[in-house]
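Each chain, written out:
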Amino acid sequence: MKWMYLLPIGFFVSCAQLSEPVEDEIVKKPSHELAHEVKPMRYLFSNAKNNSLKISLWDQKAWLLDSRGRVLVSTDVSTGIDGRLTEAGEYKVLEKIRGKRSNLYGRYVDDKSGHVVIDKAWEHEGDPPEGTHYEGILMPYWMRLSWDGVGMHVGKFEKRIRSSFGCIRVNEKSQSYLYYKTVLGTPVEIVEESLVTEMHGR
């Protein structure tokens, strides 16, 4: 019976390791505490192959659910800004890359010094500056939802503020939990309406 008392401790140790930065460049903490809630035992014993994700554009929140529709993880997220809105609909996880770098959004870095020459390469017109190379923005724990560039990943944002170019940004701790309990093919439903009442008590 001793293992029953040790299991929660082991769980928290292992889950703490999930949120270790992919690189030192990992996002800085926001100026406030973003919501992150996990049901430890449910999460531990859930089968990633049977889990699903729901995202509310109204609430700017996401929930990882088990096969019975019970909440495993709930978290704040940030979706697309005006003109680059995240589209509601039915999706699936198409690709998972722990240390993904963007091929759409990045910067030009000096070949020798490594210093940033142009911070927003996507706004730069013409050829790259001589002696530089392109470096995509780091998007840790990347989970692709569409082949035109929409996915879930770690990113900076303020609570309830839409700030992405169409992706779903998640705080580092929460996204690591989502990443390790989903698989290729995990269903993801994005809705316009609020889900807070529906998810309460699940």
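Here, every reference points to the structure presented above.
In this report, we go over the structure that sits alongside the text.

About the cut-offs
- Residues numbered from 1 in each chain as written.
- Predicted model: local features only at pLDDT ≥ 70, side-chain atom pairs only at ≥ 80, totals over all residues.
- Heavy atoms only, no water.
- Core = buried A, V, L, I, M, F, W, Y, C linked by side-chain atoms within 4.5 Å.
- Buried < 20%, exposed > 50% of the residue type's maximum accessible area, 1.4 Å probe, protein only.
- Helix = DSSP H or I, 4+ residues; strand = E, 2+ residues; numbered from the N terminus.
- Contact = heavy atoms within 4.5 Å.
- Salt bridge = Lys/Arg side-chain N within 4 Å of Asp/Glu carboxyl O.
- Pairing = 2+ DSSP bridges.
- Polar contact = N/O pair within 3.5 Å; in protein donor to acceptor, adjacent residues only side chain to side chain.

## Topic: the nonpolar core
Ranked by internal contacts, the top residues of the largest apolar core, which has 24 residues, are Ile55, Leu145, Met152, Ile168, Val188 and Ile190. Mapped onto this core, the elements with two or more residues apiece are β2 (52-56), β3 (61-65), β4 (71-78), β8 (132-144), β9 (151-154), β10 (168-170), α3 (172-180) and β11 (187-191). With residues up to four places along the chain from it excluded, the contact list for Ile168 reads Ile55, Val77, Ser78, Thr79, Thr86, Leu145, Val150, Gly151, Met152, His153 and Ile190. Judged by nonpolar contacts, the second largest core, of 6 residues, contains Trp63, Val71, Val191 and Leu195.

## Brief notes about the pattern of salt bridges
Applying the stated criterion across every chain yields a total of 7 salt bridges. Notably, a salt bridge pairs Glu95 with Arg144, separated by 2.9 Å at the nearest N-O pair. Pair noted here: Glu95 is in strand β6 (residues 95-110) and Arg144 is in strand β8, with a separation of 49 residues, a long-range link. Judged by relative accessible area, which is 10%, Arg144 ranks as buried. Residue Glu198 pairs with Arg202 through a salt bridge whose shortest N-O separation is 3.1 Å.

## Details of the pairing of β2
Among the 5 residues that make up β2, 5 are buried, leaving the element largely enclosed by the rest of the structure. With burial as the criterion, each face of β2 is covered, one bearing Ser52, Lys54 and Ser56 and the other bearing Leu53 and Ile55. Two elements, β2 and β3, share 5 bridges in a ladder whose sense is antiparallel. Looking at β3, one finds that Ile55 is bridged to Ala62. Connecting the antiparallel pair β2 and β3 is a turn made up of 4 residues, with Gln60 showing a positive phi of about 55 degrees. The pairing of β2 with β11 spans 4 bridges and is parallel. Looking at β11, one finds that Ile55 is bridged to Ile190.

## As for the side chain of Ser164
Turning to its location among the elements, Ser164 is positioned in the loop between β9 and β10. At 3.0 Å, the side chain of Ser164 and the backbone nitrogen of Gly166 are in polar contact. One polar contact links the side chain of Ser164 to the main-chain carbonyl oxygen of Cys167, over a distance of 2.6 Å. Once residues lying within four places of it in the same chain are set aside, the contact partners of Ser164 are Ser78, Thr79, Gly80, Ile81, Arg84, Thr86 and Arg169.

Read these as geometric descriptors, not functional statements.
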